[in-house]
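# Structure at a glance
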Amino acid sequence: MGRGKIAIQRIDNTTTRQVTFSKRRTGLLKKARELAVLCDAEVGVIVISSTGKLYEFSSTSMKSMIEHYNKTKEKHQHPLQATSEIKDKILNEEMQELHRKINEAWKENMELYKTINLHRKENVELHHKVKATGWFERGSTSPAFHSDINISIHLGLSSPSQHGSRMQTDEPNLGLHFL
């Protein structure tokens, strides 16, 4: 006849709990001894009872086993720390690269800003020259503009191929668009 299954939970009866502890402790230490002999393994078991009594088994010196355990534990923890350090290093390198790209974009934007301001100044100068020549008021084919009308000037960048395909006209080519 087979053994019945028991629920794995704390045993309330103190005497039964002590008897069960004693039997299971003996069985656990026996299994540890068998594992050490059969598999040529270093086995160490430490059991502390509810009353604080210490029971132990070790196939070799318990002190040497604990030292070996601590050394092995440290070795296994260092790769995790190294992995974390490597990740931090990679993230720092990526951040430095992003900062470099931001600085390059900022410098490029500043150059574009300077170029736009230069074109704006040239545009104003050309506007004053056109106004001073009275070209629009002399009966050209363009509509006549009076000096009291504000002219909006818009600059736009275009590809070189667009400039080559323009039709030649009698009007001077100042690079301006009047609205």
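Residues numbered from 1 in each chain as written. Predicted model: local features only at pLDDT ≥ 70, side-chain atom pairs only at ≥ 80, totals over all residues. Heavy atoms only, no water.

Quick reminder of the rule: UniProt positions are given in the numbering used here, feature names are shortened, and annotations may be inferred rather than shown by experiment.
By the naming in an unreviewed UniProt entry, the protein chain is MADS-box domain-containing protein, taken from Vanilla planifolia. What the UniProt record of the protein chain gives under Subcellular location (unreviewed entry) is the line "Nucleus".

## Observations regarding the overall build of the protein chain
Filter applied, for reference: The numbering of helices and of strands both runs from the N terminus, where a helix is a DSSP run of H or I of at least 4 residues and a strand a run of E of at least 2. Per-residue accessibility, obtained with a 1.4 Å probe over protein chains only, is compared with the maximum for each type, and a residue is labelled buried under 20%, exposed over 50%, and partly exposed between these values. Two residues qualify as a contact provided that any one of their heavy atoms is within 4.5 Å of a heavy atom in the partner residue. For every accessible area listed, the method is Shrake-Rupley and the probe measures 1.4 Å; residues are considered covered only by the protein chains on display.
For the protein chain, the helix and strand inventory stands at 3 helices and 2 strands. The buried share of the protein chain, taken over its 179 residues, is 12%. Looking at the protein chain alone, contacts between residues at least 24 apart form 38% of all its contacts between residues at least 6 apart. Per element, the accessible surface of the protein chain, about 15,900 Å² overall, is 57% carbon and sulfur.

## Considerations on unusual backbone geometry
Phi at aspartate 40 takes a positive value of approximately 50 degrees, unusual for a residue other than glycine. Positionally, aspartate 40 belongs in the loop between α1 (14-39) and β1 (44-48). By relative accessible area, aspartate 40 is classed as exposed at 72%.

## Observations concerning the pattern of salt bridges
Keep this limit in mind: In what follows, salt bridge is the name for a side-chain nitrogen of Lys or Arg lying within 4 Å of a carboxyl oxygen of Asp or Glu.
This structure, assessed with the given rule, holds 4 salt bridges. Measuring nitrogen to oxygen at the nearest pair gives 2.4 Å for the salt bridge that ties glutamate 97 to arginine 100. With glutamate 97 and arginine 100 both in helix α2 (residues 62-133) and 3 residues apart, the pair spans about one turn of that helix. In this structure, glutamate 111 engages lysine 114 in a salt bridge whose closest nitrogen and oxygen atoms are separated by 4.0 Å. Within this pair, glutamate 111 and its partner lysine 114 are both found in helix α2, separated by 3 residues, close to a single helical turn. Via salt bridges that share partners, Glu97, Arg100 and Glu104 belong to a single interconnected network.

## Observations regarding the nonpolar core
Applicable threshold: As used here, the term nonpolar core means buried Ala, Val, Leu, Ile, Met, Phe, Trp, Tyr and Cys residues forming a set that is joined through side-chain atoms within 4.5 Å.
Formed by Leu29, Ala32, Ala36, Val43, Val45, Val47, Tyr55 and Phe57, the largest nonpolar core amounts to 8 residues. Among the secondary structure elements, those contributing two or more residues to this core are α1, β1 and β2 (54-58). At 3 residues, α1 tops the list of elements feeding residues into this core. The contacts of valine 43, once residues within four sequence positions are left out, are Ala32, Leu35, Ala36, Phe57, Ser58, Ser59 and Met65.

## Brief notes about the environment of threonine 60
Considering the arrangement of structural elements, one finds threonine 60 in the loop between β2 and α2. Given a relative accessible area of 36%, threonine 60 falls into the partly exposed group. Through-space distance from the C-alpha of threonine 60 to that of glycine 44 is 8.0 Å; in sequence the pair is 16 residues apart. Those residues in contact with threonine 60 that sit more than four places away from it in its chain are Glu42 and Met65.

## Re the packing of aromatic side chains
Quick note on the threshold: The pairing test for Phe, Tyr and Trp rings, Trp by its six-membered ring, is centres within 6.5 Å, and the orientation test on the planes gives stacked under 30 degrees, edge-to-face over 60, and tilted for anything in between. Two conditions define a charge located above a ring, namely a distance within 6 Å from the ring centre to NZ of Lys or CZ of Arg, and an angle within 35 degrees of the ring normal.
Here the structure, examined in full by the defined rule, presents 1 aromatic pair. The residue whose ring lies beneath arginine 25 is tyrosine 55, and the NZ or CZ to ring-centre distance is 4.0 Å.

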